[in-house]
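# Chains, contacts and geometry: an overview
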Amino acid sequence: MMERAPLRPKLAYLARGLTLARIFTIPLIVWALLEMDSAPDLRWRVLLIAAYLYAILSDLADGPLARRAGAKSYFWGQVDALSDVAFNAAALAAAAWTGRIGPWAALGVLALGAQFLWRCRGGAGSAGESLPEDAAGKWAGVCFYALVGGVVLEMGLAWDWLRPVLPWLGRLVFFYALYLLIRNARSPLGTSRGC
């Protein structure tokens, strides 16, 4: 049996704080995306890029910090997944509102995230247990963050060559999410495909 790491409260608070703060970046990135569409200027560019970078870096850091702190948990795994889904869905919905992509990518994030959280709803998990991981689902999250990153690069750094590419990337990401939705719907609960 694997020995559980001792709880390190300061690191645990830091990990959980990073996750919760990611939720607070949602209105910032949406606001910045909408303002950049109507009146682009330097402060909106900086806010847009900063909100996106914070979301990416906090998502990369909170899990390893929680494991190092001995504070990984089923509940905080769900909060982390919910914060990722909400961030990407809101950013992609704002990008769709501005005409950068179609609405399908945001719907794909919401549907795939809702399916995962629904499948994981009943398991409280024991102490030290974390949400099961699905490699294909993790890649979907990477794709959603990358698509948001493409929008941020196009709007925040004025990479205009990305504008015609973004709708196609949005469709590809949506079709990948749709594939995963169908695949997961056919697999029983408790499989390696998440909860």
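Scroll up a little and you will see the structure.
Summary of the structure given here. A quick note: this is a predicted structure, and the numbers were derived from the prediction, not measured.

### A short note on the overall build of the chain
- Helix and strand counts for the chain come out as 6 helices and 0 strands.
- When the helices and strands of the chain are listed from N to C terminus, the series reads α-α-α-α-α-α.
- Counting over 195 residues, the chain shows a buried share of 43%.

### Regarding the side chain of D62
- With respect to the element layout, D62 can be found in helix 2 (residues 42-68).
- Looking at D62, the relative accessible area reads 4%, which means it is buried.
- A distance of 3.1 Å separates polar atoms of two side chains, one belonging to D62 and the other to R22.
- What D62 contacts, discounting residues up to four positions off in sequence, is A15, L18, T19, R22 and D80.

### Concerning the nonpolar core
- Counting residues in hydrophobic clusters, the biggest one holds 37 residues, and the most contacted among them are I29, L33, L48, F87, L92, F144 and V148.
- If one sorts the elements of this core by residue count, helix 5 (residues 135-156) sits on top with 9 residues.
- Discounting chain neighbours no more than four positions away, the residues touching L92 are I101, A105, A106, V109, F144, L147 and V148.
- Core analysis: the second largest hydrophobic core is formed by 8 residues, A12, L18, L65 and A66 among them.

### Regarding helix 6 (residues 166-186)
- An ideal rise of 1.5 Å per residue puts 30 Å on 21 residues; helix 6 measures up with 30 Å between its terminal C-alpha atoms.
- The set of residues buried in helix 6 consists of L166, G170, V173, F174, A177, L180, L181, R183 and N184.

### Here's the deal with helix 1 (residues 9-38)
- Over its 30 residues, helix 1 extends 44 Å from the first C-alpha to the last, a length consistent with the 44 Å expected when each residue adds 1.5 Å.
- Along its length, helix 1 reaches its greatest deviation from straightness, about 30 degrees, at F24, and the proline P27 lies no more than four positions downstream.
- Along helix 1, the residues that are buried comprise L11, A12, A15, L18, T19, R22, T25, I26, I29, A32, L33 and M36.
- Residues of helix 1 that are buried in the fold lie against helix 2, helix 3 (74-97) and helix 5.

Thresholds applied
Per chain, residue numbering runs from 1 following the sequence as it is written. Totals for whole chains, interfaces and linings use all residues, but because this is a predicted model, local features are given only for residues with pLDDT of at least 70 and pairs of side-chain atoms are given and counted only at 80 or more. Hydrogens and waters are ignored; side-chain quantities use all the structure's heavy atoms. Secondary structure elements are defined from DSSP: runs of H or I of at least 4 residues count as helices, runs of E of at least 2 residues count as strands, and each element is numbered from the N terminus. For each residue, the accessible area found with a 1.4 Å probe, counting protein chains only, is set against the maximum for its type, and the residue is called buried under 20%, exposed over 50%, and partly exposed in between. Pairs of N or O atoms within 3.5 Å make up the polar contacts considered here, provided that, within protein, one atom can donate a hydrogen while the other can accept it, and that residues adjacent in sequence are counted only when both atoms are side-chain atoms. Contacts are assigned to residue pairs that have any heavy atoms within 4.5 Å of one another. Among buried residues, the Ala, Val, Leu, Ile, Met, Phe, Trp, Tyr and Cys ones that are joined through side-chain atoms within 4.5 Å form a nonpolar core. The span one expects for a helix is its residue count, reduced by one, times 1.5 Å. By definition, a residue's bend is the angle between the axes fitted to the seven residues ending there and the seven starting there.

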